[in-house]
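What the coordinates show
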Amino acid sequence: MQHPNGTVLSTEHVDLVRDGRYLLKDINISIEPGQHWVLLGANGAGKSTLLSLLGATAHPTRGSVYVLGHKLGRVDMRELRMDIGHVNPRHTIGIPITVRNVVITGLTNTTEVMPRWSPTPEQEAHADALIDLLGMSPRSDALWPNLSQGERGRALIARALMVEPRLLLLDEPATGLDLAAREQLLTALDDLRNQNPSLASILVTHHIEEIPSTTTHALLIKDGVVTASGLAENVITTQNISECFSHPIEIERRGGRWNAQSRPRERV
Ligand SMILES: Nc1ncnc2c1ncn2[C@@H]1O[C@H](COP(=O)(O)OP(=O)(O)OP(=O)(O)O)[C@@H](O)[C@H]1O
């Protein structure tokens, strides 16, 4: 394995081509422990495609991707994925299992608790601690089909954390949440990051209001090309966001969070 303080993730001149079309072009990023990135871009910009490379679920057509010290293509991707927490709100669980068991399945990366397998008391205690961290203790025994969208989102983050990942990937975690549920989720993320100073994370969204205040860096992507990347306060600006979304948008930052408002086009 690699040095504990090493770069968590990096890409060098990465292209991803499908059916003769560039979905990603010349992507260069480097993510260190303790950094929390947001990936912003319009529909179809390439955010999920980039996340699938960074989460070791796809290979680049050209260039190199290093995840947790391993170069993709020279490592067992399945094993590598065990060290990455991946939160996908579209994760499907077809059977009625409890929140606690959903979280426990993070250890085996399965949709149900594996037959003839049971967690150790330490693993059970770890699951309970994560459920508590995400504010889900009162719903620990609730069945998955009976959970609200917001409760599911928080349960899935706890599930992703079971393997104590060094890298947490969040693909539009606030999708479908109402205002209160979104705010609870963002607070839970901020708490999680404060309690795990070496954790690195990447959050994908197209909503500026869904960026947690603990975000340190941002990457803007448009048509598969990075249009800006670096410290969040330098990247999430009126000019950069307007260019990335091809629309005049006014950006404001208040209390660590960002707001976006359409800016009327200037008359010519
Ligand atoms: N396997 C594939 N083969 C061909 N094209 C693909 C494939 N996967 C994605 N695409 C295309 O690549 C582009 C980027 O898709 P991607 O899902 O990464 O965008 P996104 O930024 O996550 O969009 P959204 O915000 O709508 O979720 C889209 O035009 C999509 O249709």
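Every chain is numbered on its own, with residues counted from 1 as its sequence reads. Given that the model is predicted, a residue must reach a pLDDT of at least 70 before its local features are reported, and side-chain atom pairs must reach 80 or more before they are shown or counted; all residues, however, enter totals for whole chains, interfaces and linings. Side-chain metrics in this entry use all non-hydrogen atoms of the structure; hydrogen atoms and water are not considered.

Per an unreviewed UniProt entry, the protein is named ABC transporter ATP-binding protein, and its organism is Rhodococcus erythropolis. UniProt positions are given in the numbering used here, feature names are shortened, and annotations may be inferred rather than shown by experiment. The record held by UniProt for the protein lists under Sequence similarities (unreviewed entry) the comment "Belongs to the ABC transporter superfamily."

With that settled, the discussion passes to the overall build of the protein. Secondary structure elements are taken from DSSP: a helix is a run of H or I of four residues or more, a strand is a run of E of two residues or more, and numbering for both begins at the N terminus. Along the protein, the regular secondary structure elements total 8 helices and 12 strands. A globule of 268 residues ought to have a C-alpha radius of gyration of about 18 Å, and the protein, at 19 Å, matches this closely. Seen along its three principal axes, the alpha-carbon backbone of the protein occupies a region of about 70 × 45 × 35 Å. By residue count, 49% of the 268 residues in the protein fall in the buried class. Long-range pairs, those at least 24 residues apart, make up 63% of the contacts in the protein with a sequence separation of at least 6. In short, Shrake-Rupley with a 1.4 Å probe defines the accessible areas, and a residue's cover is counted only from the protein chains shown. Looking at the protein as shown, the accessible area adds up to about 13200 Å², and 47% of this sits on carbon and sulfur atoms. Neither His nor the chain ends is counted toward charge; the positive residues are Lys and Arg and the negative residues Asp and Glu. Charged groups are reduced to one reference atom each: NZ for lysine, CZ for arginine, CG for aspartic acid, CD for glutamic acid. Charged side chains of the protein number 26 positive and 30 negative; the gap between the two group centres comes to 6 Å. Our radius of gyration is a C-alpha quantity, and the globule rule it is checked against amounts to 2.2 Å times the number of residues to the power 0.38. Partly exposed residues are those whose accessible area sits between 20% and 50% of the maximum for their type, while under 20% is buried and over 50% is exposed, using a 1.4 Å probe and protein chains only. Note on contacts: a residue pair qualifies if any of its non-hydrogen atoms lie within 4.5 Å across the two residues.

Strands belonging to one sheet form pairs held by backbone hydrogen bonds; the direction of such a pair is parallel or antiparallel. Between any two strands, pairing holds if DSSP finds at least two bridges. An order of β6-β7-β8-β3-β9-β10 is seen for the 6 strands of this open sheet, with the pairing classed as mixed. Each edge of the sheet is formed by a strand with only one pairing partner; in this case those strands are β6 (84-87) and β10 (225-231). The sheet shows a mean angle of 15° between the axes of neighbouring strands, taken without regard to direction. Of the strand pairs in this sheet, strand β9 (residues 217-222) and β10 are connected by 6 bridges, and their pairing is antiparallel. Bridging from a neighbouring strand, Leu 220 pairs with Ala 228 of β10. A fitted line through C-alpha atoms serves as each axis, taken over the contacting stretch for helices, and the angle formed by two N-to-C directions is quoted from 0 to 180°.

Once that is clear, we can look at the site of the ligand. When at least one non-hydrogen atom of a residue lies within 4 Å of a molecule or strand, that residue is treated as near it. Taken together, 14 residues sit near the ligand, with Gly 44, Gly 46, Lys 47, Ser 48 and Thr 49 positioned nearest. Counting of polar contacts relies on pairs of N or O atoms within 3.5 Å, with two restrictions inside protein: one atom must be capable of donating a hydrogen and the other of accepting it, and residues adjacent in sequence are counted only when both atoms are side-chain atoms. Lys 47 places a side-chain nitrogen or oxygen 2.8 Å from an oxygen atom of the ligand. His 206 is positioned with one of its side-chain polar atoms (N or O) 3.3 Å from an oxygen atom of the ligand. Protein contact buries 61% of the 640 Å² of open area that the ligand shows by itself. Mapped onto the shell around the ligand, the elements with two or more residues apiece are β2 (21-31) and α1 (47-54). A total of 3 residues in the shell around the ligand trace back to one element, the largest contributor, which is α1. Under the scheme applied, nonpolar residues are Ala, Val, Leu, Ile, Met, Phe, Trp, Tyr, Cys and Pro; charged residues are Asp, Glu, Lys and Arg; polar residues are all the others, including Gly. Looking at the shell around the ligand residue by residue, the classes come out as 3 nonpolar, 6 polar and 5 charged.

Right, let's talk about the domain arrangement of the protein for a bit. Per the domain assignment, the segments of the protein are domain 1 (1-83 + 166-226) and domain 2 (90-164). Each domain span listed reflects an automatic or database assignment of domains. Taking only C-alpha atoms, the centre of domain 1 and the centre of domain 2 are 23 Å apart. Between domain 1 and domain 2, the contact holds 15 residues from the first and 14 residues from the second. Counting the surface domain 1 buries against domain 2, the share from its top three residues, Met 82, Leu 185 and Leu 192, is 33%. Accessible area, probed at 1.4 Å, shrinks when two parts are joined; the buried area is that loss added up over both.

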